[in-house]
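Architecture at a glance
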Amino acid sequence: MGKINKEWHRANKMPKNPTREERMLWHREHLKHCDCHPVTPKLQKELDEFLKGRMKEGEINGNL
Ligand SMILES: [Zn+2]
């Protein structure tokens, strides 16, 4: 278990009923700024697939 980045969490609340996209983008940012909880293999896979899809569309040059 890592350290929580309280400031980041305060400024970046997860939307109440997040779409998949919102959830993925939140987690992507979360990974960069905070490690209060480990990334599960399931989430990692979801993120990989999400980012791969987005990169294909040329929307982001996403590095995780
Ligand atoms: Zn966190």
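Quick caveat, the model's predicted, so the values are computed rather than measured.

Per the secondary structure count, the chain includes 3 helices and 0 strands. Within the chain, the fraction of its 64 residues that count as buried is 0%.

Between two packed helices, both the angle of their axes relative to each other and the distance between the axes serve to describe the pair. The geometry of helix α2 (residues 20–33) relative to helix α3 (residues 41–56) is characterised by a closest axis approach of 10 Å and an angle of 110 degrees between their N-to-C directions. Comparing their axes, α3 and α2 come out roughly perpendicular. Across from Met24, His27 and Arg28 in α2, the residues of α3 making contact are Leu43, Glu46, Leu47 and Phe50. Taken together, the residues of the contact of α2 with α3 sort by class into 4 nonpolar, 1 polar and 2 charged.

Bringing α3 into the picture now. Along an α-helix, residues three or four positions apart point the same way, because every turn accommodates 3.6 residues. The terminal C-alpha atoms of α3, which comprises 16 residues, lie 22 Å apart, in line with the 22 Å expected from a rise of 1.5 Å per residue. Among the 16 residues in α3, 0 count as buried, and that is only a small part of the element.

Time to look at the confidence of the model for the chain. Looking at the chain as a whole, the pLDDT averages 88, with 88% of positions reaching at least 70. Considering each helix and strand of the chain separately, the mean pLDDT is smallest for α3, with a value of 91, and largest for helix α1 (residues 6–11), with 97.

Basis of the calculations
- Residues numbered from 1 in each chain as written.
- Predicted model: local features only at pLDDT ≥ 70, side-chain atom pairs only at ≥ 80, totals over all residues.
- Helix = DSSP H or I, 4+ residues; strand = E, 2+ residues; numbered from the N terminus.
- Buried ≥ 20, exposed ≤ 12 C-beta atoms within 10 Å, placed from the backbone.
- Axes fitted to C-alpha atoms, helices over the stretch in contact; angles between N-to-C directions.
- Parallel < 35°, antiparallel > 145°, perpendicular 65-115°, else oblique.
- Contact = placed C-beta atoms within 7 Å.
- Nonpolar A, V, L, I, M, F, W, Y, C, P; charged D, E, K, R; others polar.
- Expected span 1.5 Å × (residues − 1).
- pLDDT = per-residue confidence, 0-100.

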